[in-house]
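# Inside the fold
So the chains spell out like this:
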Amino acid sequence: MTEPKTISMQGAICPLPLVHNEKIVMGHGSGGKMSQDLIARWFMPPFDNPALRAGDDAGVVQATPRTRLAVSTDSHVVWPLFFPGGDIGRLAVCGTVNDVAMMGANPLYLTAGFILEEGLELSILERVVSSMRSAAEEAGIQIISGDTKVVQKGKADLLYINTSGVGLVPEGVQISGSLAQPGDVIILSGPIGNHGIAVLAARGDLGFQAEVQSDVAPLNHLVAAMLKASNPADPLASIHTLRDPTRGGLATSLNEIARQSAVCIAVEEASIHVNPAVAAACEMLGFDPLYIANEGRMIAVVGPVAAQPVLESMHSTRYGEDARIIGHVEAAPAGRVLMRTVLGSTRVVDTLSSELLPRIC
Amino acid sequence: MKYLNEFRDARLVSNAMAEIRSATTRPWVLMEICGGQTHAIKRYGLDQLLPAEIELVHGPGCPVCVTSLELIDKALAIAELPHVIFTSYGDMLRVPGTGKDLFTVRAAGGDVRVVYSPLDAVKIALQNPDRQVVFFAIGFETTAPANAMSVLQAKSLGITNFSLLVSHVRVPPAMHAILGSPENRVQGFLAAGHVCTVMGYWEYSAIAERYHVPITVTGFEPLDISQGILMTVRQLESGTYTVENGYPRLVTFNGNRSAQAVINQIFRSCDRKWRGIGMIPDSGWCLKPEFQDYDAELRFQVDQIQPEESPLCIAGQILQGIKKPHQCLAFGEECSPEHPLGATMVSSEGACSAYFKYG
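Residues numbered from 1 in each chain as written. Chains lettered and ligands numbered in written order. Predicted model: local features only at pLDDT ≥ 70, side-chain atom pairs only at ≥ 80, totals over all residues.

### Some words on the overall build of chain B
Each helix and strand counted, chain B has 17 helices and 11 strands in total. The C-alpha radius of gyration computed for chain B amounts to 20 Å, which stays within 12% of the reference 21 Å derived for 359 residues, consistent with globular compactness. Counting across all 359 residues of chain B, residues that qualify as buried make up 58%. Long-range contacts, defined as pairs at least 24 residues apart, comprise 78% of the intrachain contacts of chain B with a sequence gap of at least 6. (Helix = DSSP H or I, 4+ residues; strand = E, 2+ residues; numbered from the N terminus. Rg over C-alpha atoms; globule rule 2.2 N^0.38 Å. Buried ≥ 20, exposed ≤ 12 C-beta atoms within 10 Å, placed from the backbone. Contact = placed C-beta atoms within 7 Å.)

Structural data, given as structure tokens:
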């Protein structure tokens, strides 16, 4: 061994901060903090209005004195187009249906815009469209308008789909990310991480295989059943917040709710269900399932009196069979998500920082 | 999962913590070498379960954090070249060089790809014979065998458009540097289990002997870390300073001899500059002269680089265990995982990112 060198603290310095504010980088599409910064800085100020400012999955507007509409839009660039448990078509329908349903609204109609790359096989388009039709039938919605554009080869990756959706918010129902209150109970509709891991495995470029199916599914029937089991007129027995933890995963969605409602969300690590195959893939690849995307899961924040009836109503539906209570809402520290670990210690759960897995939806 | 769940068992960890409490009679400062251990400690809140007398400080075992700014700037310059496909582990893409990172280079049109293994980079070279494929070979002893294998594979396949930008570092010289510093506070070490899986732990006896510090080879799960702390504290309390193996299910005294043979075939020992610490003699590995054809630093002339560091960040003191992340004025303010001032905040093994993420 060579003589040790006395350390000079002159070396103990770091580089200047790097703020990506000149060009878009992949992290801006992660669904985490960089995406939130992008929206807050570049989209919110020019488009500012109350519905947008609410920062929910869909904008809610009073269309007539008795009618409230929930409107949402979502673009889909997932790669590969087909993966175990779903495809870009099913995803495009479910993504928007779910965003509308997360306002407690009953989704009715969708529009679909297709960006097609020169050279795309029409048999692929046929499969995608047929899958969209099945998903629309399952959700009980209609696709009533559409658009197609074709771009030169190399200017898109086979096929991108944008869908927009509209739904009616039932009278009296008030659901928003900003309505979680201390004392509320947090319910998670099923195991997390399936979609992200299924897509990643389907890519094959990490040389790993997993017996994991994407959870992509329309959640509007589940939401309808939950609303039936609750009482919108009673703050202790109503549903306050619904959110589907897509990009950025459960951790990011819980942080959004904690921030929007200015509350602390306290969850139990042991109660968060992760399928063994997803857990194993995450261990191998160094991912935390809390940050992996879901496309058919939902977080519900409900008044304490509603917790049990809502949970039971979820158990009786197809996409809520595995629903569990994972925690509750506290007053402080506001804006934080705290997790009691399996060992009994407590740690902070933060928002996803930047790119984890690109193009998973 | 078998071999994981047992080592996260709440009851067993709680028993180990009780043993640590009963073994501890006065304050001790322990350093865990590896960033993977730091993250497990914060993720499972192990520091909250320890008696107040035990202070854990976080070591330099995060390869992303200690890769020198000069080398990152070289990587950026090479990645910008039009005929180059630059491949790297994902973490390196966000480490800021002077004014930019690999994400910036990619957004500007550079072909930067994330791979999970250097052998994937060799495959990319095979598929793109008209392009130069460079792999950013960072890491400690743990990643060295696979990186060495990539050179052997490229050679045996006759691939000439593949090269490594080597930034390999070794743990024992860093331990010498930390213990030899006048500011040193570390009284005992949790050695990095994965490094020892490859290298064994015979090298550590000289360190324990010379500086009178107990060293325990330690794994990465909560029970492994609790066990490592317990074994180290017992030695400190009884005044002994030997090397013990707390990770026997994977680590042997001699380590993985065939992995070492591959390393020795490709690499030679060399001086290496550590980010935040400075030059440590004989602390790195470089390609041997007979494999210089695979050295990206020689293949691409990118010498006119003048790296510029900022005075705000204290990553260097953190990497040496002199300070904790929250003692940095910039922590959580100017410096966060999205806007990192230093590599310790960027890397998934970095101490600052562990503090930021898990509170």
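The structure having been displayed, the exposition proceeds.
### Some thoughts on the overall build of chain A
Within chain A, the regular secondary structure consists of 9 helices and 14 strands. Relative to a compact globule of 361 residues, whose C-alpha radius of gyration would be 21 Å, chain A shows 21 Å and is just as compact. With respect to the principal axes defined by its C-alpha atoms, chain A has extents near 80 × 55 × 45 Å. Looking at the 361 residues of chain A, the share that counts as buried comes to 50%. Across chain A, every contact between residues at least 6 apart in sequence was considered, and the portion connecting residues at least 24 apart equals 83%.

### Structural notes on the sheet that holds strand β3 (residues 84-88) of chain B
All names here are of chain B. The strand order across the open sheet formed by 6 strands is β4-β3-β5-β6-β11-β10, and the pairing between neighbours is mixed. Sheet topology places β4 (111-114) and β10 (267-274) at the edges, where each strand pairs with a single neighbour. Averaged over all neighbouring strand pairs, the angle between strand axes comes to 25 degrees, with direction disregarded. In this sheet, strand β5 (residues 132-139) lies alongside β3 in parallel orientation, the contact comprising 4 bridges. Looking at β5, one finds that F86 is bridged to V134. (Pairing = 2+ DSSP bridges. Axes fitted to C-alpha atoms, helices over the stretch in contact; angles between N-to-C directions.)

### Quick word on the confidence of the model for chain A
Taken over all residues, the pLDDT of chain A has a mean of 91, while the share at 70 or more is 93%. A low-confidence stretch, residues 1-17 of chain A stays under pLDDT 50, and its non-local contacts, those more than four residues away or across chains, total 55 contacts. (pLDDT = per-residue confidence, 0-100.)

### Regarding unusual backbone geometry
In this structure, the amide linkage connecting W79(A) to the following residue, P80(A), adopts the cis form with an omega of 0 degrees. Residue P333(A) is bonded to the preceding A332(A) through a cis peptide linkage, with omega at 0 degrees. For P333(A), the location among the structural elements is in the loop between β12 (324-330) and β13 (337-340). For D282(B), which is not glycine, the phi torsion reads 55 degrees and is therefore positive. Tracing the backbone shows D282(B) in strand β11 (residues 278-287).

### What to know about helix α9 (residues 171-180) of chain B
All names here are of chain B. With 7 of 10 residues buried, α9 lies mostly within the body of the structure. Every buried residue belonging to α9 is among V171, P173, A174, M175, H176, A177 and I178, and all of these are buried. Structurally, α9 contributes buried residues whose contacts are with β1 (28-34), β2 (54-61), β7 (188-192), α10 (193-199), α11 (204-211) and β11.

### Considering the domain arrangement of chain A
All names here are of chain A. Examined at the domain level, chain A breaks down into domain 1 (55-169) and domain 2 (185-348). Between domain 1 and domain 2, the C-alpha centre-to-centre distance is 23 Å. Listed by partner, the interface residues are 23 residues for domain 1 and 23 residues for domain 2. Looking at the side of domain 1 that touches domain 2, the elements with two or more residues in it are α3 (88-101), β5 (106-117) and α4 (122-139). With 8 residues, the single largest contributor to the side of domain 1 that touches domain 2 is α3. Of the residues contributing to the side of domain 1 that touches domain 2, the split by class is 13 nonpolar, 7 polar and 3 charged. (Domains from an automatic or database assignment. Nonpolar A, V, L, I, M, F, W, Y, C, P; charged D, E, K, R; others polar.)

### Considerations on the packing of helix α1 (residues 10-23) of chain B against helix α12 (residues 222-238) of chain B
All names here are of chain B. It is the contact of α1 with α12, at a shortest axis distance of 9 Å, that shows an interaxial angle of 15 degrees. Between α1 and α12, the angle falls in the class roughly parallel. In this structure, α1 crosses over α12, and the sense of that crossing is left-handed. Residues L12, V13, A16, M17, E19, I20 and A23 of α1 form the contact with α12, whose own contacting residues are P222, L223, S226, Q227, I229, L230, V233, R234 and E237. Partitioning the contact of α1 with α12 into residue classes produces 11 nonpolar, 2 polar and 3 charged. (Parallel < 35°, antiparallel > 145°, perpendicular 65-115°, else oblique. Left-handed = near helix turned anticlockwise from the far one by under 90°.)

### A closer look at the sheet that holds strand β14 (residues 346-348) of chain A
Residues and elements named next belong to chain A. The strand order across the open sheet formed by 7 strands is β9-β11-β8-β12-β10-β13-β14, and the pairing between neighbours is mixed. Of all strands in the sheet, those with a lone pairing partner are β9 (239-243) and β14, marking the two edges. On average, each strand axis in the sheet is tilted by 25 degrees relative to the strand beside it, whichever way the strands run. Note: β13 against β14, 3 bridges, orientation antiparallel. What sits directly across from M339, in β14, is R347.

### Some remarks on the packing of α3(A) against α4(A)
Residue and element names in this part refer to chain A. It is the contact of α3 with α4, at a shortest axis distance of 7 Å, that shows an interaxial angle of 35 degrees. Note that α3 runs across α4; the crossing there is right-handed. Taken together, the residues of α4 that come into contact with α3 (itself represented by I88, G89, R90, A92, V93, C94 and V97) are V128, V129, S131, M132, A135, A136 and A139. The residue makeup of the contact of α3 with α4, split by class, is 11 nonpolar, 2 polar and 1 charged.

### Describing the confidence of the model for chain B
Of all residues in chain B, 93% have pLDDT values of 70 or greater, and the mean over the chain is 90. We note a pTM of 0.86 for the whole complex and an ipTM of 0.79 for its interfaces.

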